[in-house]
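# Structure at a glance
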Amino acid sequence: MNLSNLKPAAGSTKSRKRIGRGQGSGRGGTSTRGHKGAGSRSGNSTKIGFEGGQMPLQRRVPKFGFKNINRVEYVGVNLDVLQGLVEKHNLTSVDFEALRTHGLVSKNDLIKILGRGEFTTKVEVKAHAFSASAQKAIEAAGGSIVKL
């Protein structure tokens, strides 16, 4: 056996349907194109979303809202999650790498520490942003914050 006599398994491939090969083929005449109109002519291609002259869905549906292109997206990490992480892994400081290695954030994320839950451990927390309640809770526990 070599590369020149390899074949696909029997029954795994089908020959394509050849159209426009005479009346006897069952696919002759108009060759599945119908009778008149642009679709029967050669070189026909309609643009994406064209609905035969009817107002396309994309133009019928009302547009609303606003998308700010300068928006900064943060991944929120709550204090109770942070507390669990510190207790489980005996961390003295929580930074981007610690959160990333434990699967809480991805490589390009910006982190914001949020204030849900209790925080009782004295640790240094490094993040891109802090909510006011989170900052207060961390400092009340004896910890410190560092904005990246």
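Not measured: the values here are computed from a predicted model. (Residues numbered from 1 in each chain as written. Predicted model: local features only at pLDDT ≥ 70, side-chain atom pairs only at ≥ 80, totals over all residues. Heavy atoms only, no water.)

A count of helical and extended segments in the protein chain gives 4 helices and 6 strands. Ordered by position from N to C terminus, the α and β elements of the protein chain give α-β-α-β-α-β-β-β-α-β. Expected size for 148 residues packed as a compact globule is a radius of gyration near 15 Å; at 32 Å, the protein chain overshoots this value by more than 25%. Taking the principal axes of the C-alpha coordinates as reference, the protein chain spans close to 90 × 60 × 25 Å. Put simply, the protein chain has 148 residues, and 20% of those count as buried. Restricting the contact set of the protein chain to residue pairs at least 6 apart, pairs at least 24 apart contribute 39%. Of the charged side chains in the protein chain, 25 are positive and 10 negative, and the gap between their average positions amounts to 29 Å. (Helix = DSSP H or I, 4+ residues; strand = E, 2+ residues; numbered from the N terminus. Rg over C-alpha atoms; globule rule 2.2 N^0.38 Å. Buried < 20%, exposed > 50% of the residue type's maximum accessible area, 1.4 Å probe, protein only. Contact = heavy atoms within 4.5 Å. Lys, Arg positive; Asp, Glu negative; His and termini not counted. Charge placed at Lys NZ, Arg CZ, Asp CG, Glu CD.)

Our focus in this paragraph is the sheet that holds strand β4 (residues 124-127). Across a sheet, strands are paired by hydrogen bonds formed along the backbone, either parallel or antiparallel in direction. Pairing is parallel across the open sheet formed by 3 strands, whose spatial order is β2-β4-β6. Both outer strands of the open sheet, β2 (93-94) and β6 (144-147), are each paired with one neighbouring strand and no more. With 4 bridges joining them, β4 and β6 adopt parallel strand pairing. In the strand pairing of β6, Lys-126 is matched with Val-146. (Pairing = 2+ DSSP bridges.)

To continue, consider the side chain of Ser-40. In this fold, Ser-40 is placed in the segment before α1 (57-60). Within the structure, the side chain of Ser-40 is placed 2.8 Å from the backbone oxygen of Gly-37, a separation counted as a polar contact. What Ser-40 contacts, discounting residues up to four positions off in sequence, is Arg-33, Gly-34 and His-35. (Polar contact = N/O pair within 3.5 Å; in protein donor to acceptor, adjacent residues only side chain to side chain.)

A few words now on the environment of Ala-132. Examined against the element boundaries, Ala-132 turns out to sit in helix α4 (residues 132-140). By relative accessible area, Ala-132 is classed as exposed at 63%.

Taken together, the side chains of Met-1, Leu-3 and Leu-6 present a nonpolar region at the surface, about 450 Å² in accessible area. When you line up the elements, Leu-6 lands in the segment before α1. (Patch = residues over 30% accessible without salt bridge, like charges linked within 9 Å, V, L, I, M, F, W, Y side chains within 5 Å. Areas by Shrake-Rupley, 256 points an atom, 1.4 Å probe, with all protein chains shown as cover. Salt bridge = Lys/Arg side-chain N within 4 Å of Asp/Glu carboxyl O.)

This brings us to the nonpolar core. In this structure, Leu-82, Ile-111 and Ile-113 are the most contacted members of the largest nonpolar core, which totals 21 residues. Secondary structure elements with two or more residues in this core: α2 (79-89), α3 (96-101), β3 (111-114), β4 and α4. Here the element with the most residues in this core is α2; it accounts for 4 residues. Setting aside its immediate chain neighbours within four residues, Ile-113 contacts Val-77, Leu-79, Leu-82, Val-125, Ala-127, Ala-129, Phe-130, Ser-131, Ala-134 and Ile-138. (Core = buried A, V, L, I, M, F, W, Y, C linked by side-chain atoms within 4.5 Å.)

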